[in-house]
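Structural description and commentary
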Amino acid sequence: MQKKEELSLLELNNRIKKVLTGTFVETYWVRAEMWDVRMNSASGHCYLELVEKHAVTGRIMARARANIWAKTFAYLKPYFEMETGRAFASGLEVLINVMIEYHEIYGISYTVIDIDPAYTLGEIVKKRLEVIRWLQEDGIFTLNQELPFPELPNRIAVITSPTAAGYEDFLTHLHTNPDGYVFYTKLFPAVMQGEKVEESIISALDKIYEQLDYFDLVVIIRGGGATVDLNCFDSYPLTASCAQFPLPILTGIGHERDDTILDLVAHKRLKTPTAVAEFLIHYMASVAFELNDVRQAVLGSAMDVLETEKRILQAIGSRFPGITTNRIEKERSHINFIGNQLQVAAFNLLGNKKAEVTQIQNQLRSSALKVLNMNDQYLELTEQFIKMVSPEYILKQGYSLILKNGKIIKRAEELETGETITIHFDDGKVKGQIL
């Protein structure tokens, strides 16, 4: 049985190294995206990963370690940033010249010896155009620019780093303006460079949105900083949030050579924080100038009206005595006429009332006579009735009355044997005893 060839791991790795070293003797230009870029401050070396992603899904299809030794990195980084205007950082598409190396412990790695800034610049432009195209296709690219600018923009939400020198310059210039215009500012702190810019500014916008009624506009300013950090202001999420924000946004992120996409979607782009403050001051001055024109126009119109009314009053004043005399005579005639009318009316009314009183007197007299006659008849009938029911009348009719102890007896059962009674007749009375 043939003996198996045995190799130690080091031996196998040495064989691989020998094959790779003998095969890949040249350098190669490689297209990739930089990931996890780390700079060692002590050694000056730069360590990173190179990845290739699927164009549609974004899934990583290839990955490799790479390094840039300090001597190369010392001139490569400033050269790249000067040419592209972008920081040498993760997320950039690069075309780099690499040499393949194999280490028995660390495996395969690429050593970067050169870089082509033109390729990255092309990719940056391509990505910028792609983001702009997305914003336009979504119909939001000019939304913020279409908002009406406030008539008095003095309530300002400021998004920036609280430690930025540009922020202090902005406040100083704004609040010490020579015309004394009053501005109210509130800071919404945000990171203005590095990987957290997008997340930080969007978070600040969300906080402003919760207090929307308290502000007239939003100012996004950046107090200086390297131009190479501007790529963070080109992201779709950030620019889409700003484009759709319901308040006008002014930008002053401290650069003159290029416009970021954030500048393009903002209501107005200015170069620096101080320029933003100057714009607001000039705008308030223009509003004040217009208001002064309006004030002068209103004042002139008021003076014209007052002058016209003055002339009218003077004309009325000169005619007033004659008008008053005529009016008094007219009213006097009217009063005399009314007096005469009242006299006639009063005479007629008194005559009518006198006739009514006479008629009422006659009616009362007639009614009184009728009542008296009726009462006389009633009295006569009553007198006759009283006479007919009187004891004397009854006795004359042949009846008699029996009294016991002065009380009329109506029933036999009221009498007892032996009692004395008095019998009254028409012609006298007699006493008797009950047997």
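Parameters at a glance
- Note that residues are indexed from 1 along each chain, following the sequence as it is written.
- For a predicted model such as this one, the threshold for reporting local features is a pLDDT of at least 70, and the threshold for listing and counting side-chain atom pairs is 80 or more; totals across whole chains, interfaces and linings nevertheless cover every residue.
- To obtain the side-chain values, all non-hydrogen atoms of the structure were included, while hydrogens and water were left out.
- If DSSP finds at least two bridges between two strands, the strands pair.
- The helix count covers DSSP runs of H or I at least four residues long, the strand count covers runs of E at least two residues long, and both are numbered beginning at the N terminus.
- Patches in this entry comprise residues that are over 30% relatively accessible and not in a salt bridge; like charges within 9 Å are linked, as are nonpolar side chains (Val, Leu, Ile, Met, Phe, Trp, Tyr) within 5 Å.
- Each accessible area is a Shrake-Rupley result for a 1.4 Å probe, and residues are judged covered by the shown protein chains and nothing else.
- Here a salt bridge means any side-chain nitrogen of Lys or Arg lying within 4 Å of a carboxyl oxygen belonging to Asp or Glu.
- We define a nonpolar core as any set of buried Ala, Val, Leu, Ile, Met, Phe, Trp, Tyr and Cys residues linked to one another through side-chain atoms lying within 4.5 Å.
- Exposure classes here rest on a 1.4 Å probe applied to the protein chains alone. A residue is buried below 20% of its type maximum, exposed above 50%, and partly exposed in between.
- Throughout, a residue-residue contact means that at least one pair of heavy atoms, one from each residue, lies within 4.5 Å.
- By convention, orient the strands away from the viewer: a clockwise path from the first strand over the helix to the second makes the crossover right-handed.
- Each Phe, Tyr or Trp ring (for Trp, its six-membered ring) is paired with any other whose centre lies within 6.5 Å, and the angle between the two planes then decides the class: stacked below 30 degrees, edge-to-face above 60, tilted in between.
- Two thresholds decide whether a charge sits over a ring: the Lys NZ or Arg CZ must be within 6 Å of the ring centre and within 35 degrees of the ring normal.

Next up on the list: the sheet that holds strand β8 (residues 217–221). Read across the sheet, five strands follow the order β7-β6-β8-β9-β10 without closing on themselves; strand pairing throughout is parallel. At either margin of the open sheet sits one strand with a lone partner, and together these are β7 (184–189) and β10 (268–269). Pairing between β8 and strand β9 (residues 249–252): four bridges, direction parallel. Note that in β9 the partner of isoleucine 220 across the bridge is threonine 251.

Moving on, we get to a nonpolar patch on the surface. On the surface, Phe385, Ile386, Met388, Val389, Tyr393, Ile394 and Tyr399 cluster together into a nonpolar patch covering about 720 Å² of accessible area. Broken down by secondary-structure element, the contributors of at least two residues to the nonpolar patch are α8 (273–389) and α9 (391–396). Following the sequence through the fold, isoleucine 394 ends up in helix α9.

Turning our eyes to something else, we now look at the pairing of strand β1 (residues 27–39). As judged from the seven bridges shared by β1 and strand β4 (residues 93–103), these two strands associate in the antiparallel manner. Within β4, the residue paired with alanine 32 across the bridge is valine 94. Where β1 and strand β2 (residues 46–53) come together, five bridges link them in antiparallel fashion. Across the sheet, methionine 34 pairs through a bridge with leucine 50, a residue of β2. In this antiparallel pair of consecutive strands, β1 and β2, the connection spans six residues, and glycine 44 shows a positive phi of 85°.

The next thing to look at is the nonpolar core. One finds Ile159, Ile201, Val218, Ile220 and Phe233 to be the most contacted residues of the largest nonpolar core, which totals 34 residues. Sorting the residues of this core by element identifies α3 (117–137), β6 (155–160), α5 (197–210), β8, α6 (236–243) and α7 (261–265) as the ones contributing at least two each. It is α5 that provides the largest number of residues to this core, a total of six residues. Sequence-distant contacts of isoleucine 159, defined by excluding residues within four places in its chain, comprise Phe188, Ala190, Met192, Ile201, Ala204, Leu205, Ile208, Val218, Val219, Ile220 and Ile221. Counting 20 residues, the second largest nonpolar core, distinct from the first, contains Tyr167, Leu217, Leu270 and Leu280.

Looking down a regular strand, the side chains alternate between one sheet face and the other. In terms of strand pairing, β6 meets β7 through six bridges, oriented parallel. Paired with alanine 157 across the two strands is lysine 186, which belongs to β7. In terms of handedness, the path from β6 via helix α4 (residues 165–175) over to β7 forms a crossover that is right-handed.

Turning our attention to the packing of aromatic side chains. Applying the stated rule across the entire model yields eight aromatic pairs. For the pair tyrosine 209 and phenylalanine 245, a centre-to-centre distance of 6.5 Å together with 70° between the ring planes defines the contact as edge-to-face. Here the residue tyrosine 209 occupies a position in helix α5, and phenylalanine 245 occupies one in the loop between α6 and β9, the gap between them amounting to 36 residues. Tyrosine 209 sits in the exposed class, given a relative accessible area of 51%. Following the ring pairs from residue to residue traces out a cluster consisting of Phe73, Phe80 and Phe88. In this arrangement the basic side chain of lysine 186 is found over the ring face of phenylalanine 188, its NZ or CZ atom lying 5.6 Å from the centre.

Glancing now at unusual backbone geometry. Even without being glycine, aspartate 36 reaches a positive phi, approximately 50°. On the secondary structure map, aspartate 36 appears in strand β1.

The subject of this paragraph is the pattern of salt bridges. Going through the model one piece at a time under the given rule, you end up with 14 salt bridges. Between lysine 353 and glutamate 356 there is a salt bridge whose closest N-O contact spans 3.7 Å. In this pair, lysine 353 and glutamate 356 are both assigned in helix α8, three residues apart and thus about one turn of the helix distant.

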